[in-house]
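Inside the fold
As a plain string of letters, each chain reads:
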Amino acid sequence: MESFNLDHTKVAAPYVRLVGVTTGSSGDKVYKYDIRFKQPNKEHMDMPGLHSIEHLMAENIRNHMDNVLDIGPMGCQTGFYLSILNNDSYDDVLEALEKTLQDVMEADEVPACNEVQCGWAANHSLEGAQSIAKDMLDKKDEWQQVFAE
Ligand SMILES: [Zn+2]
């Protein structure tokens, strides 16, 4: 498991890091990113806001980037994994993330926060999601630096 080889005491969140590339038998490539919102073991996202920004990013990121396979939260509540098929552009990821977080800021409801479409529909906070998005956007110039200097 690659992420267990990352020294979480050496990173400087927020950042966007390519974790690895997996090539399938037909030559398709899956690019997996670590999008770290909060400094590991120092900060974390509170669950309702994290849950809502998960829904909002899942809904919106596909409008800004093709071939998104998945964007899902880390159990440590400090970031998300993003998996993309057949696009090796780091800059595309940065641009799509920025636009998606701007969508979060402009949202007036959380998509799919009901008991039919979600497994814990009571556990949401649009305000919390927007606070997370704002903190991330405010530090956009740090996203490309993964490790502390
Ligand atoms: Zn949900």
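Residues numbered from 1 in each chain as written. Predicted model: local features only at pLDDT ≥ 70, side-chain atom pairs only at ≥ 80, totals over all residues. Heavy atoms only, no water.

What to know about the coordination of the zinc ion
Counted only if it meets this: Shown as donors are all N, O and S atoms within 2.8 Å of a metal ion, widened to 3.2 Å for Na, K and Ca; because water is not in the atom set, sites may appear incomplete. Strands are runs of DSSP state E lasting at least 2 residues, helices are runs of H or I lasting at least 4, and numbering of each runs from the N terminus. For every residue, the accessible area obtained with a 1.4 Å probe (protein chains only) is divided by the maximum for its type, and the residue is called buried under 20%, exposed over 50%, and partly exposed between those limits.
Donor atoms from the polypeptide that coordinate the zinc ion comprise His-51 (NE2), His-55 (NE2) and Cys-118 (SG), at 2.1 to 2.3 Å from the metal. Motif for the zinc ion, donor spacing along one chain: H-x3-H-x62-C. On the criterion of sequence distance, the pair formed by His-55 in helix H1 (residues 47–60) and Cys-118 in the loop between helix H2 (90–106) and helix H3 (126–138) is long-range, its members being 63 residues apart. You'll find His-55 and Cys-118 in the same group, each marked buried.

Considering the sheet that holds strand S2 (residues 29–36)
Within a beta sheet, neighbouring strands are joined by backbone hydrogen bonds and run either parallel or antiparallel to one another. Just so we agree on the cut-off: For two strands to count as paired, DSSP must find a minimum of two bridges between them. Between N-to-C directions, angles span 0 to 180 degrees; the directions come from axes that are lines fitted to C-alpha atoms, helices contributing only their stretch in contact. Contact criterion: two residues are considered in contact whenever any of their non-hydrogen atoms come within 4.5 Å of each other.
Judged by pairing direction, the sheet is antiparallel, and its 4 strands sit side by side in the order S1-S2-S4-S3 without closing on themselves. Among the strands making up the open sheet, the edge pair consists of strand S1 (15–23) and strand S3 (68–73). Strand-to-strand, the axes of this sheet are offset by a mean angle of 15°, without reference to chain direction. In the sheet, S3 pairs with strand S4 (residues 79–85) via 5 bridges, with the strands oriented antiparallel. The partner of Pro-73 across the bridge, within S4, is Phe-80. Sitting on the sheet, H2 is in contact with S1, S2 and S4, with an inclination near 130° to S1.

Considering the environment of Cys-76
Its place among the elements puts Cys-76 in the loop between S3 and S4. Its relative accessible area of 45% is what places Cys-76 among the partly exposed residues. Separated by 33 residues in the primary sequence, Cys-76 and Glu-43 have C-alpha atoms spaced 9.9 Å apart. Ignoring any residue separated from it by four or fewer positions in sequence, one finds Cys-76 in contact with Arg-36 and His-44.

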